[in-house]
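Working through the structure, step by step
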Amino acid sequence: ARLSAEIAERSRSSLGSNSLASRMRASGAAALVVTIGRITRADAARYVTIGSATAARVSFTGEALEPRYPYLADALATGDIPMDAAAVIISNLDQASPRAHHDDLVVAEAAMAEFARSQPADLVRRFAICCRDRLDSDGIASREEDLVSRRALSFVELASGMSRLTWDLDPLSAATVRGFVDTYINTLHHTGKTSQSLFDCESDGE
């Protein structure tokens, strides 16, 4: 992550053809990290994001500045938290930062970094989302609307004859579908039969 941040700094667009990425014939910092590290583009982008958010900075006058997220930088430097946890913390802090007070962001960052030292990434993600919503309660509605607008469903027929379903759901829709699936699986597991009532809709005398 530190190296990726350095690559991003040396590949910034303001350098033009003199940027590191341009001189290495790469389209950007993440693309260069992909080539050098032989990793996926998603991982490269994540390393660049984490590294840039936790790297020391320099002001326009050359004065040394602390990282954008110093508590997270310390936890990463000592190896106390994994990259997955760091990524979700940064993502949620970035989402809240435009409307949250700076002091509240600092407190939330410290709390999340400390929580991530002892908890798995899935719990860190839930805690980070909770902190984000507390920091930016006004943005909850717009985020929910955005998730709803991005719902999608697609089927892909595999060579074996099986079909693969990809379903992007907002949290409320996902909870509804998951409840239905859990009920169906539990019924099938305990009785060996599907519950017809799950599929039958009551009709008006039909």
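Quick note: structure is the one above.
Residues numbered from 1 in each chain as written. Predicted model: local features only at pLDDT ≥ 70, side-chain atom pairs only at ≥ 80, totals over all residues. Heavy atoms only, no water.

Looking at the overall build of the chain
A tally of regular secondary structure across the chain gives ten helices and four strands. Listing every helix and strand of the chain by position from the N terminus yields α-α-α-α-β-β-α-α-α-α-α-β-β-α. Per-residue burial for the chain yields a buried fraction of 28% across its 206 residues. When contacts within the chain are restricted to residue pairs at least 6 apart in sequence, long-range pairs at least 24 apart make up 41% of them. When the accessible surface of the chain is summed, it comes to about 14100 Å², and 53% of that surface belongs to carbon and sulfur atoms. (Helix = DSSP H or I, 4+ residues; strand = E, 2+ residues; numbered from the N terminus. Buried < 20%, exposed > 50% of the residue type's maximum accessible area, 1.4 Å probe, protein only. Contact = heavy atoms within 4.5 Å. Areas by Shrake-Rupley, 256 points an atom, 1.4 Å probe, with all protein chains shown as cover.)

A word on unusual backbone geometry
At Arg-25, a position not held by glycine, the phi torsion is positive, near 60 degrees. For Arg-25, the location among the structural elements is in the loop between α2 (20–23) and α3 (29–37). Backbone geometry at Arg-38 places phi at a positive 55 degrees, although glycine is not the residue there. Summarising the element assignment, Arg-38 is placed in the loop between α3 and α4 (41–54). Its relative accessible area of 74% is what places Arg-38 among the exposed residues.

Points about the state of the cysteines
Disulfides are covalent bonds that connect the sulfur atoms of two cysteines. In this structure the tally under the stated criterion is zero disulfides. Free cysteine Cys-130: the closest other cysteine sulfur is in Cys-131, separated by 5.8 Å. Classification of Cys-130 as partly exposed rests on a relative accessible area of 43%. (Disulfide = S-S within 2.5 Å.)

Structural notes on the pattern of salt bridges
Taken as a whole, this structure holds ten salt bridges when the rule is applied. For Glu-6, the salt bridge is made with Arg-10, and the minimal N-O distance between the two is 2.7 Å. You can see Glu-6 and its partner Arg-10 sitting in helix α1 (residues 2–10), four residues apart, about one turn around the helix. Overall, the relative accessible area of 37% leaves Glu-6 in the partly exposed class. Taking relative accessible area as the criterion, Arg-10 reaches 49% and is therefore assigned partly exposed. When the shortest N-O distance is used, the salt bridge between Arg-117 and Asp-80 registers 2.3 Å. With Arg-117 in the loop between α7 (102–116) and α8 (121–135) and Asp-80 in the loop between α5 (70–77) and α6 (83–96), this residue pair connects regions lying 37 residues apart in the sequence. (Salt bridge = Lys/Arg side-chain N within 4 Å of Asp/Glu carboxyl O.)

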